[in-house]
Amino acid sequence: MASWPPSSLTACSIVVITLGLASSCNATYNTREGCSPIAPSNGSFSQVYPVLSKNQATALLLLGFGGFSVLLAFLYVGIRKHVFHDANSLDTAFDAGGNVSTSLTAVTVASQLLWPGDLLQGATVTIKNGIAGAFWYTTCAVINMILFPVLSVQFKTRAPGAKTFLQVIYARFGRTAHLVFCFFALLMNLMVTTCLLTASVALLQALVKDANVEYCVMIMATLFGSYSFIGGLGSTFYVSYFNAAIIFICLISFIVTMFYSGEGFGTSNSIDFLYKRVSCLVGPSTNEDGSFITFWSEGAIIWAVQGYFATASITFCDQASWQSRIAAKPVQGVLGFLAATYMWFAIPSTIGTTMGLGYLAMLSNNDTLPLENPDIDSGLVVVFMAQRLLGTVGSYMALTMIIMAVMSSGSGEVMAISSIIVYDIYQTHLKPYKDVGNSRRCILCGEQKSKDSHSETQLNDHHSSSTNKYCECPKASNCELCEKDLIRLREHANDNKQCVYNCPHHGDYRAYLDSMAVFKSWCILWVTISLLPVGLIVMVSGVDLNYVTLCGFILTTPSFPPLLLSILWSKTTGKGVIFGSLCGFASGIIANLSVASTFDGGLGKFLANTAENYAVLSGSCAAFGISLILTIVVSLFTNEIKSETDEFKEWQKVREIDNPLRPWNEIYQNEFPDLAKGQKPTYKELDQVFRKAKLTAYVGGAVSLLLFIVVIPGIMASMHVLEIDQFRVWITVLQMDSVEGTGAT
């Protein structure tokens, strides 16, 4: 038995970026002594065969999936119009009312984070690293999902009125820092959207006859934007709910067919058969005893470490993640994200283990010839196995499952880009209602926001003076003229005429928000249309999913440390986040190109060499390290926080982010029943009431991290090469997790 861990598993090798797995995949498999050898290949390979014509695919995708989603969107709009009377509200389009339930949050987050790579690549990693591959693949992502509620609960209590994370940057650091982070935020959305499009095109071209790139991109752009255009963010919650349910149902069908129907391997005892056949194969030399049935896998552990590093910026710097969190109250948001962690973990780990080991078992049983390496690296193992298990029906199920996941993620990105354009570019820089300079001034009159006897705004404020002018605008919730305007608006809601508001205090701002609501619709439409040229350019450039995953996120990693510090550290300054992010951005590119130039062919082989492991490693480390160090150092030298009062004033900037017509305190009326109407709770009161959310985030996060990082890996590691009984237990646990996830959905 080969000793494990091997001496090559050093600290450096652990963090080597190995997302591009093509170089490590060799479709040559050997069997151990005593097992029947694999029949030699005659040069012909099994392939995923197309099952739909273009017309059939168009009808299924647009009329089936798209049509159902559009109906749900119209249903949601009807509820908001006739029950909540805010269907045309700009804020409702991007926060779904701000009171989304725990279950909807959990299912939506789990569904939107199910990228095609999660459903497809898990099986690929299992083929290359064995049973440890899918487990470590999912573990690296759930760590970020566990940590996100801890950060988001701070965000929600400190800036309860913010609709984007960029509004916090603007409130704290001003225009320049805000524009810098708008660039990084849109760049992040571009990278994520590119990943979704490249994976979707590969899938459609495999299953649809004569599907060209233009056809595939047009279909996916339509699915991404159709129901988002009609129902906004709220419709994505309900569509994602059904998407998650369908994904779980398809997964359960694959499990039952493979393990319990007798059709998977022609035997009712499929788990034992699977173990026997996969045990006969000689696995990677870096696995313990060269076995596929072990969690001691150098390749899988390397994947886990670098996978966490690569996905951190995606989780924390993508507005799509924040908008799902902003749409829920603190407690519901924390519980929803923690529940989503367990639901999400069930899907890639189960489907990766089931399909990956099933492929290896069929191979060792001489039941099929292997797929070509490009097909394996494209993630088509899942589709191939679905066809092997269920024929044409399996193809439809695989297509349904993956397209549903892409729809949820894609619509989330469309809404994320649109919210950034509306709130952070158009409303802030291009056409503001009134340029008041900062969030501490009333957007209606431009004066400093009024003193509130119940507020801590002016406590220990030595700079205030009795001569200062303060806002005296009446509260919209107490304005009789506004109430008359709203009644008249509801009575003439179907007249299709622009409403004229009579209130002298709030009327002009209401008209401005109405124009923003119209602009929002056009924005979603144009963002959707823009996916067409973006998708075509990406496909023509030759960039594939692996390259974008490898090199694309080097460009966005520098925004990760400054964003965290902006939400958690009061001494973070505008100069710190600007220098940190931009210098990290430049350092990442320079480091990547410098190392890539040392390989054979230099930068002349640009795509190949910039995606080499050590080039990606250098770029990622430089981008992250320089950004973190400079943000901290520059902030330490430039901050003006000298006392607790200064710290309070700094956080008060983000607390004042609000819409005067729909203030955030109205959403929390049930949590603060003793406050007078229109009165805002203090930061200390917010912190006290939402202490439960923080404790839930801290305790739930600590328990989940302990479970996924210590307990489960420790148990698996103690087994070394799994015995048959241990293998049965692990497969059964994954299946039970999937069934429970289906029930939870």
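Only a predicted model underlies this, so the values are computations on that prediction, with no experimental measurement involved.

## Describing unusual backbone geometry
- Phi is positive for Asp-289, which is not a glycine, with a value near 60°.
- Its place among the elements puts Asp-289 in the loop between helix H10 (270-280) and helix H11 (298-317).

## Here's the deal with the nonpolar core
- Membership of the largest hydrophobic core comes to 155 residues, with the highest contact counts inside it found for Met-220, Trp-322, Met-355, Tyr-359, Ile-403 and Phe-727.
- The element that contributes the greatest number of residues to this core is helix H15 (residues 381-430), accounting for 22 residues.
- Ignoring any residue separated from it by four or fewer positions in sequence, one finds Tyr-359 in contact with Ile-127, Pro-370, Leu-371, Ile-376, Val-381, Phe-384 and Met-385.
- If you look at the next biggest cluster of nonpolar residues, it comprises 13 residues, including Val-331, Ile-667, Leu-675 and Phe-690.

## Details of the side chain of Ser-627
- Within the secondary structure, Ser-627 sits in helix H22 (residues 613-638).
- Of note is the side chain of Ser-627, whose polar atom sits 3.5 Å from the backbone oxygen of Gly-580.
- Once you skip the residues sitting within four places of it in the chain, Ser-627 turns out to touch Pro-558, Pro-561, Pro-562, Gly-580, Ser-581, Gly-584 and Ala-622.

## Here we look at helix H23 (residues 644-655)
- Helix length check: H23, at 12 residues, gives a terminal C-alpha distance of 16 Å against a target of 16 Å (1.5 Å per residue), a fit within 8%.
- Listed as buried for H23 are Phe-648, Glu-650, Trp-651, Gln-652, Val-654 and Arg-655.
- In the core, the buried residues of H23 are packed alongside helix H6 (131-158), helix H7 (165-173), helix H19 (560-568) and helix H24 (683-689).

## Concerning H19
- When you tally the buried positions in H19, you get seven out of nine residues, the bulk of the element.
- Turning to H19, its buried residues number three or more, namely Phe-560, Pro-561, Pro-562, Leu-563, Leu-565, Ser-566 and Ile-567.

## Some thoughts on the packing of H7 against helix H8 (residues 175-207)
- At their nearest, the axes of H7 and H8 sit 7 Å apart, and the two run at 160° to each other. By the angle between their directions, the pair H7 and H8 is classed as roughly antiparallel. When you trace H7 past H8, the crossing you get is right-handed. Contacts between H7 and H8 involve Phe-165, Leu-166, Ile-169, Tyr-170 and Phe-173 on the former and, on the latter, Arg-175, Ala-177, His-178, Phe-181, Cys-182 and Ala-185.
- Per-class residue counts for the contact of H7 with H8 are nine nonpolar, one polar and one charged.

## Comments concerning the packing of helix H9 (residues 213-259) against H15
- Between H9 and H15, the shortest axis-to-axis distance is 7 Å and the interhelical angle comes to 150°. Judged by the angle between their axes, H9 and H15 are roughly antiparallel. H9 and H15 meet at a crossing whose hand is left-handed.
- The residue makeup of the contact of H9 with H15, split by class, is 25 nonpolar, 12 polar and no charged.

Calculation rules
Residues numbered from 1 in each chain as written. Predicted model: local features only at pLDDT ≥ 70, side-chain atom pairs only at ≥ 80, totals over all residues. Heavy atoms only, no water. Helix = DSSP H or I, 4+ residues; strand = E, 2+ residues; numbered from the N terminus. Core = buried A, V, L, I, M, F, W, Y, C linked by side-chain atoms within 4.5 Å. Buried < 20%, exposed > 50% of the residue type's maximum accessible area, 1.4 Å probe, protein only. Contact = heavy atoms within 4.5 Å. Polar contact = N/O pair within 3.5 Å; in protein donor to acceptor, adjacent residues only side chain to side chain. Expected span 1.5 Å × (residues − 1). Axes fitted to C-alpha atoms, helices over the stretch in contact; angles between N-to-C directions. Parallel < 35°, antiparallel > 145°, perpendicular 65-115°, else oblique. Left-handed = near helix turned anticlockwise from the far one by under 90°. Nonpolar A, V, L, I, M, F, W, Y, C, P; charged D, E, K, R; others polar.

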